[in-house]
Amino acid sequence: MRDKLERRSFLILLVLVSIAFGFILEPFWGAIFWACAVAVIFAPLQRWVLSKIGERPNTAALLTLFALMAIVVIPVILLTSAFVSEGIQFYQRIEAGEIDPRQILQRLRDAFPWIDQILVEFGVDTNNLKERLSQALVSASQFLAKETFTIGQNTFSFLVSLALMLYLTFFLLRDGKTLVNLIIKALPLGDEREHALFTKFAEVTRATVKGNLVVAIVQGALGGIIFWILDIPGPLLWGVVMAFLSLIPAVGAAIIWFPVSLYLYATGDWISATVLLAYGAIVIGLADNLLRPILVGRDTKLPDYVVLFSTIGGIVLFGINGFVIGPLVAALFMATWQIFMKDFNGEL
């Protein structure tokens with residue numbers, strides 16, 4: 001009886017201590033998550049380096065970390081700096097009256113009067129629509145400017161998080177296999193099931209991060225290039241925005257280039273509008289339709305509709321981290337149920 005009581009008491013203590021430790025780490029969950037994701041993605045490179053230099057795990061992890069910084073960290077910092085600078089310039093142009101959201105909306109309504117009819121059929125009051133949309137655009141630009149200034153003010157916090165992520169990534173690269181084996185020993189789920197879940201975690205994380213980032217970079221670059229060719233203001237700004245939006249399957253970059261093409265039609269620039277519309281539908285859209293199923297859906301072994309809903313749901317709940325967390329949770333959900341059907345119901 002006493003042994004049973006002690007066992008239950010210890011399990012309660014274990015849960016409470018684990019929860020408390022989780023709360024302590026809560027401010028660093030973003031850095032921890034991305035350290036795990038980056039370690040999974042660069043683990044093959046670390047193993048290759050290790051095979052070349054021999055049993056020198058510290059050196060191999062350090063060289064892999066340098067490669068990570070050269071390939072990912074430094075380019076992202078430079079791109080973010082340019083994005084912030086162009087975002088501030090765009091806001092200043094709105095404040096100076098060089099870009100008038102009300103005029104843009106009025107031109108769209110004049111060029112496409114049928115839009116008002118459609119809105120009326122859906123019960124949308126068009127009388128004050130222009131004012132509300134104009135205020136929304138101004139508020140959005142002010143928010144963008146505020147966030148860019150905030151980013152500048154919180155540079156120290158960002159650098160601390162980045163340093164913690166890189167620091168943890170080094171140890172995960174060096175000791176990752178040992179840590180996984182330790183977790184497998186600790187969890188009471190069965191070694192075979194735990195190996196299957198860890199394998200699925202690695203597959204989905206690698207496919208989702210690499211796949212979505214490749215699609216985002218390609219679509220953002222293609223969108224920025226066509227904006228620059230057509231002399232649309234802020235090509236770098238809109239290219240980065242399209243890259244972020246392309247993380248949302250099915251819709252993505254079209255949220256930007258399609259309204260811009262309509263505005264070009266409204267202003268009478270039919271050639272640029274047609275070029276942008278065709279380019280967006282064929283080139284940018286084709287990049288999404290071809291690359292995403294190959295890089296994301298195939299490797300995660302998830303249906304396209306599951307990838308779509310889990311990605312959007314993840315972004316809504318977890319912000320930018322959700323484009324990885326959403327499909328990851330969906331994949332683990334399906335893998336867990338497959339294990340259940342196999343082990344408990346005797347089905348494959």
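Residues numbered from 1 in each chain as written. Predicted model: local features only at pLDDT ≥ 70, side-chain atom pairs only at ≥ 80, totals over all residues. Heavy atoms only, no water.

1. A word on the overall build of the chain
In terms of helices and strands, the chain carries 13 helices and 0 strands. For the chain, the N- to C-terminal ordering of α and β elements is α-α-α-α-α-α-α-α-α-α-α-α-α. Counting all 348 residues of the chain, 34% fall into the buried class. Long-range contacts, defined as pairs at least 24 residues apart, comprise 69% of the intrachain contacts of the chain with a sequence gap of at least 6. With the model as given, the accessible surface of the chain reaches about 21300 Å², and the carbon-plus-sulfur share is 70%. (Helix = DSSP H or I, 4+ residues; strand = E, 2+ residues; numbered from the N terminus. Buried < 20%, exposed > 50% of the residue type's maximum accessible area, 1.4 Å probe, protein only. Contact = heavy atoms within 4.5 Å. Areas by Shrake-Rupley, 256 points an atom, 1.4 Å probe, with all protein chains shown as cover.)

2. Focus on the nonpolar core
With 24 residues, the main nonpolar core has Phe-42, Leu-68, Met-165 and Leu-166 as its most contacted residues. Secondary structure elements with two or more residues in this core: α2 (29–53), α3 (57–95), α7 (155–186), α8 (191–229) and α13 (322–343). Sort the elements by how many residues they give to this core and α2 lands first, with 7 residues. Residue contacts for Phe-42: discarding those within four places in its chain leaves Thr-64, Leu-68, Ile-71, Val-72 and Leu-173. In terms of nonpolar packing, the next biggest core, distinct from the first, is built from 17 residues, Trp-257, Leu-264, Tyr-265 and Ala-273 among them. (Core = buried A, V, L, I, M, F, W, Y, C linked by side-chain atoms within 4.5 Å.)

3. Examining unusual backbone geometry
Backbone geometry at Asp-231 places phi at a positive 60°, although glycine is not the residue there. Along the polypeptide, Asp-231 turns up in the loop between α8 and α9 (235–245).

4. Observations concerning the packing of aromatic side chains
Counted under the stated rule, the structure contains 6 aromatic pairs. Taken together, a centroid distance of 6.2 Å and an interplanar angle of 80° make the contact between Trp-257 and Phe-258 edge-to-face. In this structure Trp-257 comes out as buried when scored by relative accessible area, which is 8%. Owing to a relative accessible area of 39%, Phe-258 belongs among the partly exposed residues under this scheme. Among the aromatic side chains, those forming a connected cluster through ring pairs are Tyr-167, Phe-170 and Phe-171. (Phe/Tyr/Trp six-rings, centres within 6.5 Å; stacked < 30°, edge-to-face > 60°.)

5. Observations concerning the pattern of salt bridges
This structure, assessed with the given rule, holds 1 salt bridge. As a salt-bridge pair, Asp-175 and Arg-174 come within 2.9 Å of each other at their nearest N and O atoms. For Asp-175, a relative accessible area of 23% gives the class partly exposed. (Salt bridge = Lys/Arg side-chain N within 4 Å of Asp/Glu carboxyl O.)

6. Some words on a nonpolar patch on the surface
A surface patch of nonpolar side chains, amounting to about 480 Å² of accessible area, comprises Phe-10, Leu-11, Leu-13, Leu-14 and Val-17. Residue placement: Leu-11 occurs in helix α1 (residues 2–25). (Patch = residues over 30% accessible without salt bridge, like charges linked within 9 Å, V, L, I, M, F, W, Y side chains within 5 Å.)

7. Some points on the side chain of Gln-46
With respect to the secondary-structure elements, Gln-46 resides in helix α2. If we ignore the near neighbours within four places in the chain, the residues touching Gln-46 are Pro-57, Ala-60, Ala-61, Thr-64, Leu-173 and Arg-174.

8. A look at the confidence of the model for the chain
Across the chain, the average pLDDT comes to 76, with 75% of residues at 70 or higher. Taken element by element, the predicted model of the chain shows its lowest mean pLDDT in helix α6 (residues 129–153) (56) and its highest in α2 (86). (pLDDT = per-residue confidence, 0-100.)

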